[in-house]
Amino acid sequence: MSETGREPLRIGVLGAARITERSLIDPARATGHRLVAVAARDRARAEAFAAGHGVERVASSYAELIADPEVDVVYNPLANGLHGPWNLAALAAGKHVLSEKPSASNAAEAAEVRQAAEKAGTVFMEAFHYLFHPVTRRLHELLASGELGELRHVEVMVAIAAPPDTDPRWSLPLAGGALMDLGCYSLHALRMLAPWAGGAPRLAAARAGERAGAPGVDEWLDADLEYPGGGTGSARCHMAHDGLDMSIRIVGSRGEATAPNFVLPQLDDRVVVRTAQGERTERLGTRSSYTYQLEAFAARVRGGAPLPLDADDAVTAMELIDACYRRAGLEPRPRSGI
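Residues numbered from 1 in each chain as written. Predicted model: local features only at pLDDT ≥ 70, side-chain atom pairs only at ≥ 80, totals over all residues. Heavy atoms only, no water.

J.: What am I meant to see in the pattern of salt bridges here?
T.: Pairing of side chains with opposite charge becomes possible as their charged atoms draw close. One pass over the structure, following the stated rule, counts 31 salt bridges. Notably, a salt bridge pairs R34 with E56, separated by 2.9 Å at the nearest N-O pair. With R34 in strand 2 (residues 34-39) and E56 in the loop between helix 2 (43-53) and strand 3 (57-58), this pair connects stretches of sequence that are 22 residues apart. For R249, the salt bridge identified is with E155, shortest N-O distance 3.3 Å. Here the residue R249 occupies a position in strand 11 (residues 245-252), and E155 occupies one in strand 7 (residues 151-159), the gap between them amounting to 94 residues. (Salt bridge = Lys/Arg side-chain N within 4 Å of Asp/Glu carboxyl O. Helix = DSSP H or I, 4+ residues; strand = E, 2+ residues; numbered from the N terminus.)

So this is what it looks like as structure tokens:
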């Protein structure tokens, strides 16, 4: 049985992506869920992945995995442009879906995924794992408690060193770009502050720089947002930065709070709070955000527990991403065929 005492999830994995060990394999082991099958375009890679990570069997194709009656949850960590098509296929097969972000290439495709989820009656969730960790929950608590006062300004930066030029994250046909891969976190974090900012933020301005040799693909993008309550937000992302930066700073009328790495708090679990009473550092624990996420997803699938993320949220996320691209002078990502 899983950690929740309910029947373990029976998970099928699309692809043999490197992120999967951190995002799913380790959390499944920690929480007692089964890794039933894996499929990859290269069967040898899938076989090596299964052998290395204790996956029960290898499917000959993504379609075969999705059709497997033993699989009740499909995890989709494929390239961005393949999220939408295979999310649609998995939902059409009646599976629950945990999709890496973003859920689709653009808002129109995300709306189709939402419609498919409604028709299937299964659980669909975009994997914004950061939201389930105590670091982010503590930031929200600090606003809810009034300790920081009224929200005035939020700065979010999500940046990494440049992937190789051959990486699919630089591919326009595969829905690549800094905003898709990184900035989605920045925008999502700002949207999740709506309860303490008078409502959801609106886009005020956006600027972007294209990757050399990859027309239409953003190497960086900065977006300015405004909240109904008068606060402002800065959402920045950079996919060719001089290092790792995944920070958020929330400034209120009575103080401020900073999390140096809210996206991967297992690497840095600090929340630094500064008010008129002084400065303090809180440590919220280095248990993986992905483990918290899988627990919450399983509780929804097996027990109907509420989730803060659903297909509606995924559509709203993509609508804002598309708007940022247009405001910055770029086009939203094109749909990809399977």
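After that view of the structure, there is still more to cover.
J.: What's the story with the sheet that holds strand 5 (residues 96-99) in this structure? I'm lost.
T.: Sheet strands line up and pair through hydrogen bonds in the backbone, either parallel or antiparallel. One open sheet accounts for six strands, arranged 3-2-1-4-5-6; its pairing is parallel. Two strands in the sheet have a free side with no partner beyond their single neighbour: strand 3 and strand 6 (124-126). Taken together, the two bridges between strand 2 and strand 3 define a ladder with parallel strand orientation. Within strand 3, the position partnered with V38 by the bridge is V58. Lying on the sheet, helix 8 (residues 289-303) is in contact with strand 1 (10-14), strand 4 (73-76), strand 5 and strand 6; it crosses strand 5 at an angle near 160°. (Pairing = 2+ DSSP bridges. Contact = heavy atoms within 4.5 Å. Axes fitted to C-alpha atoms, helices over the stretch in contact; angles between N-to-C directions.)

J.: Which parts of the structure should I look at to understand the nonpolar core?
T.: Core analysis: the biggest nonpolar cluster contains 89 residues, and I11, V154, L187, A223, I248, I250 and F262 have the highest contact counts within it. In terms of residue count, helix 7 (residues 178-191) provides more of this core than any other element does, nine residues in total. For I11, the contacting residues outside a window of four places in its chain are L24, H33, R34, L35, V36, A37, V71, V73, Y75 and L294. Counting 23 residues, the second largest nonpolar core, distinct from the first, contains L65, V71, F124 and A311. (Core = buried A, V, L, I, M, F, W, Y, C linked by side-chain atoms within 4.5 Å. Buried < 20%, exposed > 50% of the residue type's maximum accessible area, 1.4 Å probe, protein only.)

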